[in-house]
There are 2 protein chains.
Amino acid sequence: MLSIAIAQLNFLVGAVQTNLDKMIHTVEQAKKQNIDVIVFPELSLTGYPPEDLLLRNDFLTESEHALKILASHANNLIIIVGCPQFDNEQLYNCAAILENQKIKHYYKKRILPNYSVFDEQRYFSAGNEVYILEYKQHRLAITICEDIWQKQIIAENKQAGADIIISLNASPYHSEKIHLRQTLISQACKKNKVPLIYANLVGGQDELVFDGASFAVDSDGEIIFQAREFEEHLETIQLHQQQLIKSTLTQLYPRIPAIYQALKLGVRDYVTKNGFRGAILGLSGGIDSALVLAIAVDALGADNVEAVLMPSRYTQNMSNEDAIIEADALGVNFHNIPIENAVNAFSGMLEDIFKHTKTDTTEENIQARCRGVLLMAISNKQGKLLLTTGNKSEMSVGYATLYGDMAGGFAPIKDVPKLLVYELAKYRNSVSQVIPQRVIERPPSAELAPDQIDQDSLPAYDILDPILELYIEQDKSAKDIQALGFKTEDINRAITLVDRNEYKRRQAPPGIKITTKAFGRDRRFPITSGYRGQLK
Amino acid sequence: MLSIAIAQLNFLVGAVQTNLDKMIHTVEQAKKQNIDVIVFPELSLTGYPPEDLLLRNDFLTESEHALKILASHANNLIIIVGCPQFDNEQLYNCAAILENQKIKHYYKKRILPNYSVFDEQRYFSAGNEVYILEYKQHRLAITICEDIWQKQIIAENKQAGADIIISLNASPYHSEKIHLRQTLISQACKKNKVPLIYANLVGGQDELVFDGASFAVDSDGEIIFQAREFEEHLETIQLHQQQLIKSTLTQLYPRIPAIYQALKLGVRDYVTKNGFRGAILGLSGGIDSALVLAIAVDALGADNVEAVLMPSRYTQNMSNEDAIIEADALGVNFHNIPIENAVNAFSGMLEDIFKHTKTDTTEENIQARCRGVLLMAISNKQGKLLLTTGNKSEMSVGYATLYGDMAGGFAPIKDVPKLLVYELAKYRNSVSQVIPQRVIERPPSAELAPDQIDQDSLPAYDILDPILELYIEQDKSAKDIQALGFKTEDINRAITLVDRNEYKRRQAPPGIKITTKAFGRDRRFPITSGYRGQLK
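Thresholds applied
- Residues numbered from 1 in each chain as written.
- Chains lettered and ligands numbered in written order.
- Predicted model: local features only at pLDDT ≥ 70, side-chain atom pairs only at ≥ 80, totals over all residues.
- Heavy atoms only, no water.
- 1 Å grid on protein atoms, 1.4 Å probe; cavity = no way out; pocket = protein on both sides within 12 Å on 5 of 7 lines; lining within 4 Å.
- Points joined across faces, edges and corners; volume = space filled by probe spheres on them.
- Helix = DSSP H or I, 4+ residues; strand = E, 2+ residues; numbered from the N terminus.
- Nonpolar A, V, L, I, M, F, W, Y, C, P; charged D, E, K, R; others polar.
- Least-squares fit on C-alpha atoms with pLDDT ≥ 70 in both.
- Contact = heavy atoms within 4.5 Å.
- Pairing = 2+ DSSP bridges.
- Axes fitted to C-alpha atoms, helices over the stretch in contact; angles between N-to-C directions.
- Buried area = accessible area lost by both parts, 1.4 Å probe.
- Salt bridge = Lys/Arg side-chain N within 4 Å of Asp/Glu carboxyl O.
- Polar contact = N/O pair within 3.5 Å; in protein donor to acceptor, adjacent residues only side chain to side chain.
- Buried < 20%, exposed > 50% of the residue type's maximum accessible area, 1.4 Å probe, protein only.
- Phe/Tyr/Trp six-rings, centres within 6.5 Å; stacked < 30°, edge-to-face > 60°.
- Lys NZ or Arg CZ within 6 Å of the ring centre and 35° of its normal.
- Parallel < 35°, antiparallel > 145°, perpendicular 65-115°, else oblique.
- Left-handed = near helix turned anticlockwise from the far one by under 90°.
- Expected span 1.5 Å × (residues − 1).

Engineer: Would you mind going over empty space enclosed by the protein in detail, with residue names and values included?
Structural biologist: The tally for this structure, following the rule as stated, stands at eight cavities of 30 Å³ or more. Around the largest cavity, the lining comprises 27 residues; the ones closest to its centre are Arg506, Gly520 and Arg521 of chain A together with Arg506 and Arg521 of chain B. For the lining of the largest cavity, the secondary structure elements donating two or more residues are helix 17 (502–506) of chain A together with helix 17 (502–506) of chain B. When its residues are assigned to classes, the lining of the largest cavity shows nine nonpolar, two polar and 16 charged.

Listed below in structure tokens is the structure:
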């Protein structure tokens, strides 16, 4: 019988000493539970992804030093931990095996992802050897994340005599990911008749959320252990005669609640890991800010969130009323600052330059930017993070004002398309009513001009969102999209706006990836571009 | 005798049809000059770098189609052109050889850079074959950019019987690059006794400038042809009995004028390729905005540039006077809009929330943001690009206001450290006097508080800039820097600010890379980070 513990923990990128302390604490806990092997996720000593910190020798030296200290705690159990390591002047993404207070071996990750949000070939060389750890009559094959997404690697490990495969991961969340992971791994385990333990990181890091959701699969491909998602914990699985013993099977969140949890964790970790005293946001009475307020309060507590209402002459009474209802429902302190004085000041200052010109979006942008100045002033004065409230549909087509409603340090729903905003709002209301029904039902409006609604400028969201998903997430051509029955006019309007607004997105704050392709590190488009995808 | 033409041209990323038209025009020109072989740079059909456009099938299909059309023009000469190409479901960075109106061969780039600004392994698979084109009794080896930075590749090509090596490049500029290139290649050519023709792209693309500066080296390692830098042209080199005939040797720009040219080209191409009607900028009377104004005017012409003076109660008369002198010297139209009314409006609106709080940088930021709102309003109304004027020293330590002086679409001197700003200003004045001497001589100030100068908050620039270069460009540790004689206090102040201000840089507009490591795609640091590099 072998007890293997998964340390599904939340580490801070760059904070090697803090991460080490947490590991030592966990190892000491594990010893009390008579654990034989404890597994920390991929690169957990440095946090994932450390990005260009990996180009700094001082950082790598610190990590190497920390590993030695951790090794000194490896008595009466084996520690397997993800860390970077040089060998012959090449850097590798390793799993260090610590035994008898020594570093016994470095397993080198073989498959280095360099797509989507991943840049591992920027930093690492690829290993090319199977490693099997023999311990108490068991043969444990070690792999890291992407390795097992290549089917032949699991087969190779089995052929090399592995009783079980241990997989260290830093696998970021998107709404389809857990299903992808489990299907793929379950099939491979069944085919190769080998069990597998999947240990994943948990926590938010800039644009990424690691969902945890560690699990184990037996040699029939059955999931026999499922850890809680979006939470830290240490759980143990027993290996007996080359078979894993069935244990805790936590129910996974359904799709919408899982996305909500991911957003909550992403916000919480961005705020706390960056040392902010809390968060503020502009509350307009619209659905987007209502949802962001709920997420922020659920993530940080009502006392740490502050709302600011900033009505203009175009704000309907209903909007301000709804905003107040939202703040009250969640118990959040709010300010009410009409923006008219600032808008008038700018109009006066620009009168000379703008005479003989027509009113256009410039005037709308001035209003949004006055709000940006107010929110940033409060954020600066109070040390609270300003959250932006723009959704993915808006970010896609540039329906947002740079330095206006786009001003802020973090954009919780930047990767959430408008239709999904509604689903999340309804879900949150099903937990407890915090968003007035009419906010969900009325047509969305930026309220920057008289009687304005979003559909004056954009296709309806039930048309726009599917087009955007096809164009952005799936890289479909306009022709492919047309073949699915969408109108030429809607397609051309949508994709022209997507192409033209890369410059805005480049200056947007980071937000949480929840789809298969988010803006930011995940989608790298040139700003200067002659590409025109629209239909002729 | 073989006539080989280098088409050192400026292509637009994504604009396959436009690029094709330009190529056809150039090929027809070459035919009139009885050219045997014409060489277009790396990925010139798509522009470089096309980034995630390479993940779009419609884009790749368009490029493939364009290549066939270009091939139809390959009669009486050979065309060698950089383009992406699929083979067996893998994408390659290729040089297509077009002969007798057909695609004769695709040479596949063997060494794919994935460091610094390069992400080629995100898109491409690596080729593994030498290719020698036999034509009129000559044997031409084809290589692409990074290939020849690996010495064994030149040796392999020589061993395979090459008379000459043709190298297609998209090699971005930084101030040391041309020396690096020429030294390395000259040595390799001499060692392997083989001549080489180096064809490079020219033009600005977002953060990158391609400097052109194509050249040829004979088998003794001597440079026997040197093209002009930062300009388009078509030049011909003769190969006779396996030796290149000596031809035009343009004098290279010295370091400072070369940087100035790079900045000028970067600004010109960003503005024109993105279809702006011109540029505007805030002119403060300080050295940074003075330099950016001169670059913008030299790049775009005085008629296409507009300056805005926005004095506050902290602006010295001298500053406004100097700004006017600068605008007048360059013949630029300017506006003068005091910001007091807007600042007062915000102060009034925030009075309640801010009572019982102390004045801090919040109030300074409000001033900077009022200027941002004004400049963006003028930019929006007139369709002119707003240029920011922050330098690299400021960007490094976050001595700038997000959505204030950082508001704008392009940041020409973002990668220019403050001391280099002075050198460039002096150089520009040596061409013609456009910046008043006292602007160069007085201590720099943000003028956001009474009697403020930069050195109140920062180490002197002659201390700060070298520390920043060591820490950012060279990734040196605080200890390494200390060993060079800098004070602990200065080091800690500088690097703490660098680490803490990643969030600002992430929202900064793109700017032109001129050093070995620029912010943006070139330096990818996490925002959320526990890394603390300072001395204890």
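Engineer: An account of the relation of the copies chain A and chain B is requested, with residue identities and associated values reported.
Structural biologist: The two copies are related by a screw motion: chain A maps onto chain B through a turn of 180° and a shift of 0.0 Å along the axis, at an RMSD of 0.0 Å. These values place the two chain copies in the arrangement generated by a two-fold rotation axis. No C-alpha of chain A lies nearer the rotation axis than that of Gln507 of chain A, which sits 2.1 Å from it. Comparing interface residues between copies, 100% of those in chain A also sit at the interface in chain B, which points to an isologous, same-surface contact.

Engineer: Please set out the sheet that holds strand 16 (residues 279–282) of chain A residue by residue, giving values where relevant.
Structural biologist: Within a beta sheet, neighbouring strands are joined by backbone hydrogen bonds and run either parallel or antiparallel to one another. Residue and element names in this part refer to chain A. Read across the sheet, four strands follow the order 18-17-16-19 without closing on themselves; strand pairing throughout is parallel. Strand pairing shows two members of the sheet lacking a second neighbour, strand 18 (333–336) and strand 19 (385–386), which therefore form its edges. Bridging between strand 16 and strand 19 involves two bridges; their strand directions are parallel. For Ala279, the partnering residue across the bridge sits in strand 19 and is Leu385. Taken strand by strand, helix 10 (residues 361–382) contacts strand 16, strand 17 (305–309) and strand 19, and its axis lies near 170° from that of strand 16.

Engineer: Describe the interface of chain A and chain B, and please don't skip the residues or the numbers.
Structural biologist: When the parts of a complex come together, some accessible area is lost, and that lost area is often used as the size of the interface. The interface is formed by 82 residues belonging to chain A together with 82 residues belonging to chain B. Buried surface at the junction of chain A and chain B, summed over both partners, amounts to about 7,000 Å²; 58% is from carbon and sulfur atoms. Taken together, the links from chain A to chain B amount to nine salt bridges. The interface formed by chain A and chain B includes 47 residue pairs in polar contact (both at pLDDT 80 or more). Breaking the side of chain A that touches chain B down by element, the ones donating at least two residues are helix 2 (57–71), helix 3 (120–123), helix 6 (255–273), helix 9 (340–354), helix 10 and helix 17 of chain A. With 14 residues, helix 10 of chain A is the largest single contributor of residues to the side of chain A that touches chain B.

Engineer: Explain the sheet that holds strand 9 (residues 196–200) of chain B to me, using residue names and the numbers behind them.
Structural biologist: All names here are of chain B. Within the open sheet, the six strands sit side by side as 6-7-8-9-12-13. Their pairing is mixed. In the strand order of this sheet, the two ends are held by strand 6 (132–135) and strand 13 (223–226), each with one partner. Put simply, the sheet's adjacent strands are angled 20° from each other on average, direction ignored. Bridge count for strand 6 against strand 7 (residues 138–144) is four bridges, and the pairing is antiparallel. What sits directly across from Ile132, in strand 7, is Ala141.

Engineer: Any chance you could break down the side chain of Asn169 of chain A for me, citing the residues and the numbers?
Structural biologist: All names here are of chain A. Tracing the chain through its elements places Asn169 in strand 8 (residues 164–169). Look at Asn169 and you get buried, because its relative accessible area is 0%. Here Tyr198 takes part through its side chain, which lies 3.4 Å from a polar atom of the side chain of Asn169. Not counting residues up to four positions away in its chain, the partners in contact with Asn169 are Pro41, Glu42, Cys145, Tyr198, Ala199, Asn200 and Leu201.

Engineer: Give a description of the packing of aromatic side chains that names residues and reports values.
Structural biologist: Taken as a whole, this structure holds 22 aromatic pairs over all chains when the rule is applied. Between Tyr198 of chain A and Phe215 of chain A the ring centres are 4.7 Å apart and the planes differ by 15°, which places this aromatic pair in the stacked class. Highlighted residues: Tyr198 of chain A in strand 9 (residues 196–200) and Phe215 of chain A in strand 12 (residues 215–217), separated in sequence by 17 residues. We note that Tyr198 of chain A, like Phe215 of chain A, is buried. Aromatic side chains Tyr270 of chain B and Phe410 of chain B sit 4.2 Å apart centroid to centroid with 15° between the ring planes, which places their arrangement in the stacked category. Within this pair, whereas Tyr270 of chain B is found in helix 6 (residues 255–273), its partner Phe410 of chain B is found in the loop between helix 11 (392–397) and helix 12 (418–431), the two being separated by 140 residues in sequence. The exposure class assigned to Phe410 of chain B is buried, which follows from its relative accessible area of 0%. By way of ring pairs, the aromatic residues Tyr173, Phe230 and Tyr253 of chain A are connected into one cluster. Its end group placed over the ring of Phe519 of chain B, Arg505 of chain B keeps NZ or CZ at 4.7 Å from the ring centre. One residue, Arg523 of chain B, lies across the ring of Phe525 of chain B, its end atom 3.8 Å from the ring centre.

Engineer: Lay out the packing of helix 14 (residues 461–473) of chain B against helix 16 (residues 488–500) of chain B in plain terms, naming residues and giving numbers.
Structural biologist: Packed helix pairs are characterised by how far apart their axes lie and by the angle those axes make with each other. All names here are of chain B. Closest axis-to-axis distance for the helix 14/helix 16 pair is 10 Å, and the angle between their directions is 55°. Comparing the axis directions of helix 14 and helix 16 gives the class oblique. The element helix 14 and its partner helix 16 pack so that their crossing is right-handed. Mapping the contact onto sequence places Ile463, Leu464, Ile467, Leu468, Tyr471 and Ile472 in helix 14 and Asp490, Ile491, Ala494, Ile495, Val498 and Asp499 in helix 16.

Engineer: Got a sec to walk through the pairing of strand 11 (residues 208–211) of chain A? Specific residues and values, please.
Structural biologist: Residue and element names in this part refer to chain A. Here strand 11 shows two buried faces, one formed by Leu208 and Phe210 and the other by Val209 and Asp211. Judged from the four bridges that link them, strand 10 (residues 202–205) and strand 11 form a sheet pairing that is antiparallel. Within the sheet, the bridge partner assigned to Val202 lies in strand 11 and is Asp211. Hairpin connection between strand 10 and strand 11: a loop of two residues separates the two successive antiparallel strands, and Asp206 in this loop has a positive phi of roughly 50°.

Engineer: Lay out unusual backbone geometry with the relevant residues and their values.
Structural biologist: The omega torsion of the bond from Tyr48 of chain A to Pro49 of chain A falls at -10°, within 30 degrees of zero and hence cis. With respect to the helices and strands, Pro49 of chain A occurs in the loop between strand 2 (37–39) and helix 2. The phi dihedral of Asn34 of chain A falls on the positive side, at around 55°, and the residue is not glycine. Inspection of the secondary structure puts Asn34 of chain A in the loop between helix 1 (16–32) and strand 2. Phi is positive for Asn88 of chain B, which is not a glycine, with a value near 55°. Mapped onto the secondary structure, Asn88 of chain B falls in the loop between strand 3 (78–87) and strand 4 (90–99).

Engineer: Talk me through helix 4 (residues 151–159) of chain B; I want residue IDs and the actual numbers.
Structural biologist: Where helix 4 of chain B is concerned, the buried positions are Ile153, Ile154, Ala155 and Asn157 of chain B. Positive phi appears at Gly161 of chain B, one or two residues downstream of helix 4 of chain B, with a value of about 100°.

Engineer: Please set out helix 10 (residues 361–382) of chain B residue by residue, giving values where relevant.
Structural biologist: Residues and elements named next belong to chain B. Helix length check: helix 10 (22 residues) gives 32 Å between terminal C-alpha atoms against 32 Å at 1.5 Å per residue, within 8%. Most of helix 10 sits inside the fold, with 19 of its 22 residues counted as buried. At the C-terminal side of helix 10, Gly383 shows a positive phi close to 70°.

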